[in-house]
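The primary structure of each chain is shown beneath.
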Amino acid sequence: MVTTLRATATENSTYIVSVSFTNEDGNAVTPASAVNWRLLDSVGNQVSSGQETAAATVEIVLTGANLVINSTRRGTTFLTLVVNTTYDSAAGNGLTLVDTARFQVVNVLDVPP
């Protein structure tokens, strides 16, 4: 299921996504492995990627370099953040956890890179 984030990012700016993890019962869990992420454009091309240290909540800091929109029209576009890691629970160890978050980016043509 894709989560749509309410906050709008601005092209060439900084945007911080806070990610918390839950197990199959909805209980908070700390990942058993590093948290990998990919940022995809509106057609699925990878814009950037990264890895965060496993923690109950991680802050993924997207910089202006991540939020460059290659378009000549004003307006907005959507980017999708895909996060994946593994966790341990009563159901087993090394269980895969993948989720996505979609957010809007305002295309500001006059902001220098």
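Higher on the page you've got the structure.
Residues numbered from 1 in each chain as written. Predicted model: local features only at pLDDT ≥ 70, side-chain atom pairs only at ≥ 80, totals over all residues. Heavy atoms only, no water.

**Observations concerning the side chain of S48**
Phase 1 of the analysis: Checked against the element boundaries, S48 lands in strand β5 (residues 46-52).
Phase 2 of the analysis: Of the polar contacts made by the side chain of S48, one reaches the side chain of N66; its length is 2.8 Å.
Phase 3 of the analysis: In this structure, S48 is in contact with W37, R38, L39 and N66, ignoring residues within four places of it in sequence. (Helix = DSSP H or I, 4+ residues; strand = E, 2+ residues; numbered from the N terminus. Polar contact = N/O pair within 3.5 Å; in protein donor to acceptor, adjacent residues only side chain to side chain. Contact = heavy atoms within 4.5 Å.)

**Focus on the packing of aromatic side chains**
Phase 1 of the analysis: Considering all chains together, one arrives at one aromatic pair under this definition.
Phase 2 of the analysis: Judged by centre distance (4.6 Å) and plane angle (20°), the rings of Y15 and F103 are stacked. Pair noted here: Y15 is in strand β3 (residues 15-20) and F103 is in strand β8 (residues 92-107), with a separation of 88 residues, a long-range link.
Phase 3 of the analysis: Its guanidinium or amino end placed over the ring of F78, R102 lies 3.7 Å from that ring's centre, counting from NZ or CZ. (Phe/Tyr/Trp six-rings, centres within 6.5 Å; stacked < 30°, edge-to-face > 60°. Lys NZ or Arg CZ within 6 Å of the ring centre and 35° of its normal.)

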